[in-house]
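For reference, the chains in residue letters:
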Amino acid sequence: MGKIKNKADDQKDYKSLFSEISILLDSARKFTATSVNAILTTSYWLVGKRIVEFEYHGMERSEYYGDKLLENLSSDLKKKYGKGFSRQNLQLMKQFYELYPIQKISQTPSGKSSKTTEISQTLSVKSLANVSNDKPDVKNVFEILSKNFTLSWSQYVSLITVKDTEARIFYEKETLRNGWSVRQLNRQISSQFYERSLLSKNKAAMLKKGEKAIKDDLVTPEEEIKDPYILEFLGLKDEYSENDLEEALITHLENFLLELGSDFAFIGRQKRLRIGTEWYRIDLLFFHRKLKCLVVIDLKVGKFTHANAGQMHMYLNYAKDNWTNKDENPPVGLILCAQKDNAVAKYSLEGLPNKVLAAEYKLKLPDEKVLVDELKRTQKTLLKGI
């Protein structure tokens, strides 16, 4: 007779099963993100290739050259494929092709070559160089290129921002060698890891230290799949919040502002925007009918800081340049900070053309105290249920 298992054994077996399935699903998600990124990166490289070649062979066509070409392409592509094809994104694709020509992407990441590898590379280069731009063999091209683009598009975007060629090559090699996430790569670039490594007397120790990731560098499989570039490429929306309390507060405040009267018209929530190569989210975006302006609302679960005000000022500048129509007034910002035992509501009116308009804004917008009281009451109610 077999051994009779007790409850503790059953529980141990179940935990083992759960662990194995979790590892399987995490691996599957990671593989999915990697596969989509390879296709995305290949597609954007090919788009950049076509733009560069079109400009090179048609420089006399002033209407379809340089900035004019990118503006026209951006407008038409966004209508068909969504906002992932802004003029800035197209410029990145063009730069990507210029920085990674056919000869470079056919090289192995390690830099080592065997006779077989050399033959394979030669065939790959010839295949890519002879691709018909009118009727490309898409399947063949994608199979060749996707094997060579070993980093994510987000990582390549970060590398494109590095102007110094030697520094860019260094960061790319270290990312491949150490498996840096895009967060770790950005951290190393911003901390001038390349320059510090050059100045270091013990370069080996410096590089060894750079291998280690910190907690903020880690990217979960779910986050990889929800990379804004991937979501844009697939035409998917990204409407989620990472914090249950924050999400509940935003939902309640959205309803509260709409209940104040007919002046507030809802535009969107968790609205993404990109400034440079960084992505940001605006918690709530309204339009105030009487003031004829956008109202940008940012909620912080924590203490109000000067950094919050600076970030809001950046949001307002972006909203003014990109989301405000010609007949509308400048946008106004509302920062809401829900501290543990306190709450803060603060309007940001920077950039308004005159004091009269600022006074009108203050007169028609909800009083800050009303917002603070509602924020406190809502937070207290929500915390009881968590």
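Analysis parameters
Residues numbered from 1 in each chain as written. Predicted model: local features only at pLDDT ≥ 70, side-chain atom pairs only at ≥ 80, totals over all residues. Heavy atoms only, no water. pLDDT = per-residue confidence, 0-100. Contact = heavy atoms within 4.5 Å. Axes fitted to C-alpha atoms, helices over the stretch in contact; angles between N-to-C directions. Helix = DSSP H or I, 4+ residues; strand = E, 2+ residues; numbered from the N terminus. Parallel < 35°, antiparallel > 145°, perpendicular 65-115°, else oblique. Nonpolar A, V, L, I, M, F, W, Y, C, P; charged D, E, K, R; others polar. Phe/Tyr/Trp six-rings, centres within 6.5 Å; stacked < 30°, edge-to-face > 60°. Buried < 20%, exposed > 50% of the residue type's maximum accessible area, 1.4 Å probe, protein only. Pairing = 2+ DSSP bridges. Arc of directions from axis to C-beta.

S.K.: How do you make sense of the confidence of the model for the chain when you look at a structure like this?
M.R.: Low-pLDDT stretches of the model should not have their predicted coordinates read in fine detail. Of the residues in the chain, 75% have a pLDDT of 70 or more, and the chain-wide mean is 76. Contacts of residues 108-126 to residues separated by more than four positions or lying in other chains number 11 contacts, the stretch itself having pLDDT below 50. Note that pLDDT drops below 50 for residues 239-243; the model gives that stretch 9 contacts with residues more than four away or on any other chain.

S.K.: It is not clear to me how the packing of helix 7 (residues 153-160) against helix 9 (residues 182-190) should be interpreted in this structure. Could you clarify?
M.R.: Packed helices, taken two at a time, are described by the angle their axes make and the gap between the axes. For the pair helix 7 and helix 9, the least separation of the axes is 9 Å and the interaxial angle reads 10°. By the angle between their axes, helix 7 is roughly parallel relative to helix 9. Every residue of helix 9 that contacts helix 7 at Ser154, Gln155, Ser158 and Leu159 is listed here: Val182, Leu185, Asn186 and Ile189. Residue composition of the contact of helix 7 with helix 9, by class: 4 nonpolar, 4 polar and no charged.

S.K.: Sorry, what's going on with the packing of aromatic side chains here?
M.R.: Each aromatic ring pair is characterised by the separation of its centres together with the angle its planes make. Taken as a whole and judged by the stated rule, the model has 20 aromatic pairs. Each ring, one from Tyr44 and one from Phe85, has its centre 6.1 Å from the other, and the planes form 80°; the classification is edge-to-face. Taken as a pair, Tyr44 in helix 1 (residues 7-57) and Phe85 in the loop between helix 2 (66-81) and helix 3 (87-99) lie far apart in primary sequence, 41 residues in all. Phe85 carries the same exposure label as Tyr44, and that label is buried. Measuring from ring centre to ring centre gives 6.1 Å for Tyr280 and Tyr315, while their planes differ by 70°; the resulting arrangement is edge-to-face. Residue Tyr280 is found in strand 2 (residues 278-288), and its partner Tyr315 is found in helix 15 (residues 306-322); the two are separated by 35 residues along the sequence. Since its relative accessible area comes to 2%, Tyr315 is described here as buried. Grouped by ring-pair contacts, the aromatic residues Tyr44, Trp45, Tyr81, Phe85, Phe96, Tyr97, Tyr100, Phe149, Trp153 and Tyr156 constitute a single cluster.

S.K.: Teacher, can you tell me more about the sheet that holds strand 1 (residues 264-275) here?
M.R.: Backbone-to-backbone hydrogen bonds pair the strands of a sheet. The strands run either parallel or antiparallel. Ordered by their spatial adjacency, 5 strands build an open sheet running 1-2-3-4-5, and the pairing between neighbours is mixed. Every other strand in the sheet has two partners, leaving strand 1 and strand 5 (343-348) as the edge strands with one partner each. When strand polarity is set aside, the average angle formed by the axes of neighbouring strands in this sheet is 25°. The sheet contact formed by strand 3 (residues 293-300) and strand 4 (residues 332-338) spans 6 bridges and is parallel. Opposite Leu299, over in strand 4, you have Leu336 as the bridge partner.

S.K.: I keep staring at helix 9 and nothing clicks. Help me out?
M.R.: Along an α-helix, residues three or four apart share an orientation, since each turn contains 3.6 residues. Those residues of helix 9 that sit buried are Gln184, Leu185 and Gln188. The buried residues of helix 9 occupy an angular sector of 100° when projected down its axis, which confines them to one face. Looking at the buried positions of helix 9, the neighbouring elements they touch are helix 7, helix 8 (165-178), helix 10 (193-199) and helix 11 (203-211). Following helix 9 by one or two positions, Gln192 adopts a phi angle in the positive range, close to 55°.

S.K.: Before we go on, may I ask you to explain the pairing of strand 3 in this structure?
M.R.: Note on strand geometry: in a regular strand, side chains alternate between the two faces of the sheet. With 7 of its 8 residues buried, strand 3 lies for the most part within the structure. Relative to strand 3, strand 2 runs antiparallel, the two being bridged by 5 bridges. Each bridged residue has a counterpart across the sheet, and for Leu285 the counterpart in strand 3 is Val296. Between the antiparallel neighbours strand 2 and strand 3 lie 4 residues, among them Lys292 with a positive phi of about 55°.

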